Amino acid sequence: GMQSHLQALLSLYKLFCPELVTITLPGKMKTYFKNSEGPWKAAINTVRQRNQEYSPMSQPLFLGTAQPQSRKRKWNTQLIIPASSTNKNNSEEDREKNRVDLYSMNESFPVEQLQTFSQLLQNIHHLEFPSQMGSVLTNPLLLHYMNCIKDESIYLRLHYWMGQTLQEECTWCVADNNQYEEEFKDFLETIYKTECFLQEGFSSCEEFLYKSLPLWDGFCCRSQILRLVSWIPLSSFSEMKSHLYDPLAQLFFTSSLYFKCSVLESLKELLQNWLNWHVVHLDSESDS
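Criteria and cut-off values
Residues numbered from 1 in each chain as written. Predicted model: local features only at pLDDT ≥ 70, side-chain atom pairs only at ≥ 80, totals over all residues. Heavy atoms only, no water. Helix = DSSP H or I, 4+ residues; strand = E, 2+ residues; numbered from the N terminus. Buried < 20%, exposed > 50% of the residue type's maximum accessible area, 1.4 Å probe, protein only. Contact = heavy atoms within 4.5 Å. Areas by Shrake-Rupley, 256 points an atom, 1.4 Å probe, with all protein chains shown as cover. Axes fitted to C-alpha atoms, helices over the stretch in contact; angles between N-to-C directions. Parallel < 35°, antiparallel > 145°, perpendicular 65-115°, else oblique. Left-handed = near helix turned anticlockwise from the far one by under 90°. Nonpolar A, V, L, I, M, F, W, Y, C, P; charged D, E, K, R; others polar. pLDDT = per-residue confidence, 0-100. Phe/Tyr/Trp six-rings, centres within 6.5 Å; stacked < 30°, edge-to-face > 60°. Lys NZ or Arg CZ within 6 Å of the ring centre and 35° of its normal. Salt bridge = Lys/Arg side-chain N within 4 Å of Asp/Glu carboxyl O. Expected span 1.5 Å × (residues − 1).

Engineer: I tried to follow the overall build of the protein chain on my own but got confused; where do I start?
Structural biologist: Secondary structure summary: the protein chain contains 12 helices and zero strands in total. Across the protein chain, helices and strands are ordered from the amino to the carboxyl terminus as α-α-α-α-α-α-α-α-α-α-α-α. Scored against the burial criterion, the 288 residues of the protein chain give a buried share of 34%. Considering only contacts within the protein chain whose residues lie at least 6 apart along the sequence, 62% involve residues at least 24 apart. Element-wise, carbon and sulfur atoms account for 55% of the exposed surface of the protein chain, whose accessible area totals about 18,400 Å².

See below:
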């Protein structure tokens, strides 16, 4: 008999190939299949309007959802390191008046006053990470500190912030939003330099690449994306094949010789980073 899910499937066939479905279907049915063409049509219409010098869309759509892309937070390349997230807001006079040995031992060193490596060594037990973890990316001293203490909560805070920012600022996932491309390039470049500094990739960056590579055109932010690919952590082959190799292969076979060489160079660096990680890991195990 005619079941509701079968009617929905037939209505979908009738939408694309009406000559194949000759029976009459009810006009009102429960929606079983979301219309996946809406965001793509919006992006295509935006490109057409741009080429014809028409006004762009008032609200760009995020590819993959039907919601307008929120731009509440905009990447600022000149990040100012925020103050330490401490509750002690005493003035200098009060601090001098109440200063005792016990208090000085527990007093945190303001992170905005951290300028030299010697200060880091002298106050490494009194440092407190800033309330905005994004500022760590632009501060080599705090990166040294993060690499030393190996606090999982610090990495979770940074990965959460980075994952949200990457998703919100990705230029090729937002129709007609190329005015933010340069800022997004700078942001990706900052992440890549941080990964080189720490000699390891970020899991949030890996998730972003796996989600965005199928939508990538191979041109926007090409050098930055391929550099980030070289720092993807080692995982199972099946996972990397479906999320990394297959999207790159589609672009590889349809792109220029320069793009092919760039992809091969990125994968070569990925293999080198894996080998270096294994060497360091084996050395640490042998020392222990």
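Engineer: It is not clear to me how the packing of helix α9 (residues 203-212) against helix α10 (residues 222-229) should be interpreted in this structure. Could you clarify?
Structural biologist: Any two packed helices are characterised by how steeply their axes cross, that is the angle between the axes, and by the distance between the axes. Taken N-terminus to C-terminus, the directions of α9 and α10 make an angle of 120°; their axes are 10 Å apart at the nearest point. As judged from the angle between their axes, α9 and α10 are oblique. The interaxial crossing formed by α9 with α10 has left-handed handedness. Packed against α9, whose contacting residues are Cys-205, Phe-208 and Leu-209, the element α10 presents Ile-225, Leu-228 and Val-229 at the interface. Residue classes in the contact of α9 with α10 are distributed as six nonpolar, no polar and no charged.

Engineer: Where do I start with the confidence of the model for the protein chain in this structure?
Structural biologist: For the protein chain, per-residue confidence averages 75 on the pLDDT scale, and 73% of positions sit at 70 or higher. Looking over the protein chain, one finds the lowest element-wise mean pLDDT in helix α4 (residues 101-106), namely 45, and the highest in α10, namely 93. Per-residue pLDDT stays below 50 along residues 54-91; that stretch engages in 87 contacts with residues further than four places along the chain or on separate chains. Considering only residues more than four positions removed or in separate chains, one finds that residues 97-105, a stretch of pLDDT under 50, has eight contacts.

Engineer: Explain the packing of aromatic side chains here, please?
Structural biologist: Here the distance between the centres and the angle between the planes together describe a pair of aromatic rings. Applying the stated criterion across every chain, the model contains four aromatic pairs. Ring plane angle 50° and centroid distance 6.1 Å describe the contact between Trp-216 and Phe-259, whose orientation is recorded as tilted. Here the residue Trp-216 occupies a position in the loop between α9 and α10, and Phe-259 occupies one in helix α12 (residues 257-287), the gap between them amounting to 43 residues. The pair Trp-216 / Phe-259 is uniform in exposure class, with both members buried. Taking NZ or CZ as reference, Lys-260 lies 5.5 Å from the ring centre of Phe-252, over its face.

Engineer: When you look at the pattern of salt bridges in this model, what are you seeing that I'm missing?
Structural biologist: When their charged atoms lie close together, side chains carrying opposite charge are able to pair. This structure, assessed with the given rule, holds five salt bridges. Salt-bridge contacts for Glu-182 lead to Lys-185; the nearest nitrogen and oxygen are separated by 3.9 Å. Here Glu-182 and its partner Lys-185 are both found in helix α8 (residues 181-198), three residues apart, which amounts to about one turn of the helix. For Glu-182, a relative accessible area of 51% gives the class exposed. In this structure, Glu-189 engages Arg-227 in a salt bridge whose closest nitrogen and oxygen atoms are separated by 2.5 Å. One end of the pair, Glu-189, is in helix α8; the other, Arg-227, is in helix α10, and 38 residues separate them in sequence. By relative accessible area, which is 18% here, Glu-189 ends up buried. We classify Arg-227 as partly exposed; its relative accessible area is 31%.

Engineer: It is not clear to me how the packing of helix α6 (residues 140-149) against helix α7 (residues 152-169) should be interpreted in this structure. Could you clarify?
Structural biologist: Direction vectors running N to C along α6 and α7 enclose 130°, while the axes themselves pass 9 Å from each other. Judged on the interaxial angle alone, α7 and α6 are oblique. Where α6 abuts α7, its residues Met-146, Asn-147 and Ile-149 lie against Ile-154, Tyr-155 and Leu-158. Here the contact of α6 with α7 is built from residues that sort into five nonpolar, one polar and no charged.

Engineer: So what exactly am I meant to see when it comes to α7 here?
Structural biologist: For an α-helix, the turn length of 3.6 residues means that residues three or four places apart are oriented alike. Its 18 residues give α7 an end-to-end C-alpha distance of 26 Å, which sits within 8% of 26 Å, the value for a rise of 1.5 Å per residue. Along α7, the residues classified as buried are Ile-154, Tyr-155, Leu-158, His-159, Trp-161, Met-162, Thr-165, Leu-166 and Glu-169. Looking at the buried side of α7, the elements it contacts are α6, α8 and α9.

Engineer: So what exactly am I meant to see when it comes to the environment of Glu-200 here?
Structural biologist: In this fold, Glu-200 is placed in the loop between α8 and α9. According to the relative accessible area criterion, Glu-200 is partly exposed, its value standing at 28%. When the C-alpha atoms of Glu-200 and Ile-232 are compared, they prove to be 8.2 Å apart, with 32 residues separating the residues in sequence. Leaving out residues up to four positions away in the same chain, Glu-200 has contacts with Asn-147, Lys-150, Tyr-155, Glu-195 and Trp-231.

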